[in-house]
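Remarks on the overall topology
Spelled out, the chains give:
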Amino acid sequence: MAGHGLDAMLVSSPAAIRYLAGFTGSNGLLIVRPGGAVLLTDPRYRAQAGIEARGVPRVIVSGSLLDAARERGLLEGCRNAGFEDEEVSWRRHVAMRRAFPGVRLRSAGTLLGDLAAVKDDGEIEAIAEAARISDRVFTDLLPLIRAGVTELDLASEIVFRHRRYGADGDAFEPIVAAGGRSALPHARASRAKLVRGDLVVLDFGCTVRGYGSDLTRTVAVGRVSSRWRNIYRIVRNAQEEARAAVRSGASGRAVDAAARQLIRREGYGRQFIHALGHGLGLRPHEPPRLAPRSVDVLAAGNVVTLEPGIYLPDSGGVRIEDDVVVRDDGCDPLTASPKELPIL
Ligand code: ZN
Ligand code: ZN
């Protein structure tokens, strides 16, 4: 905070409050000062906050948490308070200004994101457990993928099996996209039935202690053309190029470029229509970004996805995504599902 010129932080997003104080309730405000932090929440969460945010002084109030913070003088003497500019709504920002008229509210920029991007061993173990569960779900899915089942059938199996194998929930709504729909990187599962010759993109993840996995595999229902088998090989090789470029100190831009250059050389540069990857943690997408215009630099302890893809509109798409932990001299994989194109 001192480095950012801040003498307080108003932390209001559930993910950041959970990260800093352990509290998982939906209504909270964490005020961080150089001398310590105070958590404000409402009476519904009195007991839960006591268990989860042990050691953090708590204020339980009905009504506005911001007003309560002012009445208790929690920003007394503060001149520059940081807030989460990507999380705070305009309405809440106005309420913050009204509650603390003498305080300059400033964007906390990358302060919280940079902290959360570097995971400790316990956080990495939670993501690794989520990754193991998603790998197990993928193995379960293979015998269920055949002509006649719908995308939603498979999405339901993913949701059910994640829970059954011990996840808290889904990290995001699973993507199951078959045939021409697999050309849509973020297609939602539909009632469309799989037909022979389809490629199916399955992209899913679950959470363990709040931390998410993110796994994508592409499978073929029956034989697919040699063109698609070639595209699959290119995507897989591009991911391998990226993996070899990951290490502490590498730029997000350079790792993206490692995959993108290979895909470009093979003639599909314009069909790789998204970033290579993103950080993974309490949020399904967080810093650092692996993308052509990223300004992020990888640090040991980051957990990132590597997910190149090639999409031919109306025809189909291939994406392969794995999660890795960044180390000083490379990276360690967290997801381990096989990467040969399964022909089902
Ligand atoms: Zn994904
Ligand atoms: Zn992803």
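Along each chain, residues carry numbers from 1 onward, in the same order as the chain's sequence is written. Starting at A for chains and at 1 for ligands, labels are handed out in the order in which the entities are written. A pLDDT threshold of at least 70 governs which residues receive local features in this predicted model, and a stricter bar of 80 or more applies before side-chain atom pairs are shown or counted, although totals over entire chains, interfaces and linings include all residues. The side-chain numbers reported here are obtained from all heavy atoms of the structure, hydrogens and water having been left aside.

Quick word on the coordination of the zinc ion (ligand 1)
Taken together, the protein ligands of the zinc ion (ligand 1) are Asp203 (OD), Asp203 (OD), Asp214 (OD) and Glu321 (OE), with distances of 2.0 to 2.6 Å. Sequence spacing among the residues donating to the zinc ion (ligand 1) works out to D-x10-D-x106-E. Here the coordinating atoms are restricted to nitrogen, oxygen and sulfur within 2.8 Å of the metal centre, or 3.2 Å for Na, K and Ca, and because water is not among them the sites may look incomplete. The metal-metal distance between the zinc ion (ligand 1) and the zinc ion (ligand 2) is 3.1 Å, with Asp214 coordinating both. A residue pair is termed long-range when its members are at least 10 positions apart, and Asp214 in the loop between β11 (211–212) and β12 (215–220) and Glu321 in the loop between β17 (316–319) and β18 (322–327) qualify at 107 residues. Strands here mean DSSP runs of E at least two residues long; helices mean DSSP runs of H or I at least four residues long; both are numbered from the N terminus.

Considering the coordination of the zinc ion (ligand 2)
At 2.1 to 2.2 Å from the zinc ion (ligand 2) lie its protein donor atoms, namely Asp214 (OD), His278 (NE2), Glu307 (OE) and Glu321 (OE). Each label reflects the angles at the metal, where four donors whose angles all fall between 85 and 135 degrees are tetrahedral, four or six donors whose opposite pairs open beyond 155 degrees and whose other angles stay between 65 and 115 are square planar or octahedral respectively, and the rest are irregular. Around the zinc ion (ligand 2), the four donor atoms sit at angles spanning 76 to 154°, and that spread fits a shape best called irregular. When the donors of the zinc ion (ligand 2) are listed by position in the chain, the intervening gaps give D-x63-H-x28-E-x13-E. Each residue gets one of three labels from its accessible area relative to the maximum for its type: buried under 20%, exposed over 50%, partly exposed in between, using a 1.4 Å probe on protein chains only. Asp214 sits in the buried class, given a relative accessible area of 4%.

So, the pattern of salt bridges
Note on definitions: salt bridges are taken to be side-chain nitrogens of Lys or Arg within 4 Å of carboxyl oxygens of Asp or Glu. By the definition in use, this model includes 19 salt bridges. The residue Glu157 makes a salt bridge to Arg161 at a minimum N-O spacing of 2.9 Å. With Glu157 and Arg161 both in helix α7 (residues 151–164) and four residues apart, this pair spans about one turn of that helix. Using a relative accessible area of 18% as the deciding quantity, one classes Arg161 as buried. Taking the shortest distance from any N to any O, the salt bridge between Asp332 and Arg327 comes out at 2.8 Å. We classify Asp332 as partly exposed; its relative accessible area is 35%. Exposure remark for Arg327: the relative accessible area of 30% places this residue in the partly exposed category. Residues joined by salt bridges that share partners form a network here, namely Glu84, Glu87 and Arg283.

Quick look at the nonpolar core
Inside soluble globular proteins, nonpolar side chains tend to come together where they are buried. We call a set of buried Ala, Val, Leu, Ile, Met, Phe, Trp, Tyr and Cys residues a nonpolar core when their side-chain atoms join them within 4.5 Å. Within the largest apolar cluster, 33 residues are counted, with the highest numbers of intra-cluster contacts made by Ile231, Val255, Leu276, Leu298, Leu306 and Ile310. Of all the secondary structure elements, the ones that give two or more residues to this core are α8 (226–245), α9 (252–265), β15 (303–306), β16 (309–312) and β18. The biggest single contributor to this core is α8, with eight residues. The contacts of Ile231, once residues within four sequence positions are left out, are Tyr268, Ile310, Leu312 and Val318. Residues Val137, Phe138, Val149 and Val176 belong to the second largest nonpolar core, which totals 24 residues. Contact criterion: two residues are considered in contact whenever any of their non-hydrogen atoms come within 4.5 Å of each other.

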